[in-house]
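Residue-level structure breakdown
Listed below are the residues making up each chain.
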Amino acid sequence: MRTIDWVDGAVELVDQTLLPDKCVMLRVRTVDELVDAIQRLAVRGAPALGVAGAFGVVLADGDQAQIARLRAARPTAVNLAWGVDRAAAHLPEGREAVLAAALRVRDDDIAACKAMGERGADLLEGERLRIMTVCNTGGLAAVERGTALGVVQTLHERGRLAEVLALETRPLLQGARLTTWELGRMGAPHRLIADSAGPYLLAQGEVDAVLIGADRIAANGDTANKIGSYALALGAERAGVPFIVVAPETTIDQATPSGEHIRIEDRGDEEIVSFWGVRVAPEGTPTLNPAFDVTPHDLITAIVTDKRVIRP
Ligand SMILES: CSC[C@@H](O)[C@@H](O)C(=O)COP(=O)(O)O
């Protein structure tokens, strides 16, 4: 199954807000619908956002204001702007050239995820690995297979996966809803844990490696990823566990020198004052809701891309 694709003149994508209960495909025909899908996380994850951005330029049909709005729909994952720019570069050649460029973004992502899975599995030592991960970095965050969870899938296919400990990933529960769903479909052994249990379980020696994805990697290797990644990096360093970032080359942003320059999306009050539509905090509680954090490069053991292994 492809998470996102171009089908009969429209973008077709899995509506991830409905998982794990329902797997429904959404057909998106306008930039307005696509921006809405991106902002409510019907489509999400850096590589999938890159593909959505590229397809969105086809839908925009040369309208520069719409292209600009799409490019800014979510600020932290560099892949969205990158995908938009890569397709938009072909606007002077006409719609067919833009569509061809967008299809190349899709195909390159499929190839990159396969390459990362193999390189990551080759890098890890040990025969029966216990992996900790946060958010969702599987096929749902890309077109197929994904980044960090793509490495997990390759390990599983090679018979080298003992277990995955998946953080639930509050507030939107990408780990609880999406990662466990994907691991179940793969038949990979896993247990779901509360976010705050991550560093403790690392200290208890329950984990052989932490594998995460990335939304933007600065030129010096500082990495923005789902909120909670930094706590895992600190816990992993203290426990002597490798902390590995898996991301395509397209997530490396040479224009951003270091993590302090990365814009972190704040997603507002609603997601944390309530849980699945039920208010859990007193009316009017002020909030801070950063969707991502930045792990400094010195806490990262290795960055695995589709082309190389970087040791920041
Ligand atoms: C392969 S996905 C890498 C990242 O995009 C992923 O870890 C992540 O943080 C996604 O956040 P989300 O807010 O669900 O888009």
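Sequence order sets the numbering: in each chain, residues are counted from 1 along the sequence as written. Predicted model: local features are reported for residues with pLDDT of at least 70 only, side-chain atom pairs are reported and counted for 80 or more only, and whole-chain, interface and lining totals are derived from all residues. Excluded from the side-chain calculations are hydrogens and water; all other atoms, namely the structure's heavy atoms, are used.

- By the naming in an unreviewed UniProt entry, the protein goes by Methylthioribose-1-phosphate isomerase and is assigned to Nonomuraea turkmeniaca.
- UniProt positions are given in the numbering used here, feature names are shortened, and annotations may be inferred rather than shown by experiment. As its UniProt record puts it under Pathway (unreviewed entry), the protein is described as follows: "Amino-acid biosynthesis; L-methionine biosynthesis via salvage pathway; L-methionine from S-methyl-5-thio-alpha-D-ribose 1-phosphate: step 1/6."
- In the Function (unreviewed entry) part of its UniProt record, the protein is described as follows: "Catalyzes the interconversion of methylthioribose-1-phosphate (MTR-1-P) into methylthioribulose-1-phosphate (MTRu-1-P)."

Thoughts on the site of the ligand
- The cutoff for a nearby residue is simple: one of its non-hydrogen atoms must lie within 4 Å of the molecule or strand. What surrounds the ligand is a group of 17 residues, the closest being R44, A46, R74, N225 and K226.
- In protein, a polar contact means a hydrogen-donor-capable atom and an acceptor-capable atom, both N or O and within 3.5 Å, with residues adjacent in sequence counting only if both atoms are side-chain atoms; elsewhere, any N or O pair within 3.5 Å suffices. At a separation of 2.8 Å, an oxygen atom of the ligand approaches a polar side-chain atom of R74.
- At 2.9 Å, a side-chain N or O of D215 approaches an oxygen atom of the ligand.
- Surface burial for the ligand is 100%, taken as the share of its 410 Å² of free accessible area covered by protein chains.
- Put simply, the parts of the chain that give the shell around the ligand at least two residues each are helix 2 (46–60) and strand 9 (223–226).
- Per-domain counts for the shell around the ligand show at least three residues from each of domain 1 (4–111) and domain 2 (115–310). Note on areas: Shrake-Rupley with a 1.4 Å probe; residue coverage comes only from the protein chains shown. A run of DSSP states H or I qualifies as a helix once it reaches four residues; a run of E qualifies as a strand once it reaches two. Both are numbered from the N-terminal end. Residue ranges assigned to the domains are those given by an automatic or database domain assignment.

Quick word on the UniProt feature "active site" (unreviewed entry) in the protein
- As annotated by UniProt and renumbered to match this structure, "active site" (unreviewed entry) occupies D215.
- Within the secondary structure layout, D215 lies in the loop between strand 7 (209–212) and strand 8 (216–218).
- Summary of the burial criterion: residues with accessible area below 20% of their type's maximum are buried, those above 50% are exposed, and those between are partly exposed, where the area comes from a 1.4 Å probe applied to protein chains only. A residue is classified by how much of its surface remains accessible, and D215, at 8% relative accessible area, is buried.
- Those residues in contact with D215, other than ones at most four positions away along the chain, are A46, T76, A77, V78, N79, A224, N225, K226, T251 and F292. In what follows, a contact means two residues having at least one pair of non-hydrogen atoms within 4.5 Å.

Brief notes about the sheet that holds strand 8
- Two strands make a pair as long as DSSP finds a minimum of two bridges between them. The mixed open sheet is built from four strands, whose spatial order is 11-8-9-14. At either end of the open sheet lies a strand with only one pairing partner, and these are strand 11 (252–253) and strand 14 (292–295).
- Where strand 8 lies against strand 9, two bridges are found, and the strand directions are antiparallel. By the bridge assignment, I217 is partnered in strand 9 with T223.

Brief notes about the packing of helix 2 against helix 3 (residues 64–71)
- For the pair helix 2 and helix 3, interaxial distance at closest approach is 9 Å and the crossing angle is 160 degrees. Taken together, the axis directions place helix 2 and helix 3 in an arrangement best described as roughly antiparallel. Viewed along their axes, helix 2 and helix 3 form a crossing whose handedness is right-handed. Seen from helix 2, the contacting residues are G53, G56, V57 and A60; seen from helix 3, they are Q66, I67 and L70.
- Gly is placed with the polar residues, together with every amino acid not listed as nonpolar (Ala, Val, Leu, Ile, Met, Phe, Trp, Tyr, Cys and Pro) or charged (Asp, Glu, Lys and Arg). By residue class, the composition of the contact of helix 2 with helix 3 is four nonpolar, three polar and no charged. For helices, the fitted line uses only the C-alpha atoms of the stretch in contact; every axis is such a line through C-alpha atoms, and the angle between N-to-C directions lies from 0 to 180 degrees. An angle below 35 degrees is treated as roughly parallel, one above 145 as roughly antiparallel, one from 65 to 115 as roughly perpendicular, and anything else as oblique. Left-handed describes a crossing whose near helix is turned anticlockwise from the far helix by less than a right angle; the clockwise case is right-handed.

What about the domain arrangement of the protein?
- Entries for the protein in the domain assignment read domain 1 (4–111) and domain 2 (115–310).
- Taking only C-alpha atoms into account, the centre of domain 1 sits 23 Å from that of domain 2.
- Contacts between the two partners involve 26 residues from domain 1, matched on the other side by 28 residues from domain 2.
- In short, buried area is how much 1.4 Å probe accessible area vanishes from two parts on joining, totalled over both. Summed over both partners, the interface of domain 1 with domain 2 comes to about 2,400 Å²; 55% of that surface belongs to carbon and sulfur atoms.
- For the domain 1 face of the interface with domain 2, the top three residues by lost area are R44, P75 and T76, together amounting to 26%.
- Ionic pairing is found between E265 and R74, a salt bridge with its closest N-O pair at 3.0 Å.
- At the junction of domain 1 and domain 2, the tally comes to 16 residue pairs in polar contact (both at pLDDT 80 or more). Each salt bridge in this description consists of a side-chain nitrogen of Lys or Arg and a carboxyl oxygen of Asp or Glu lying within 4 Å of one another.

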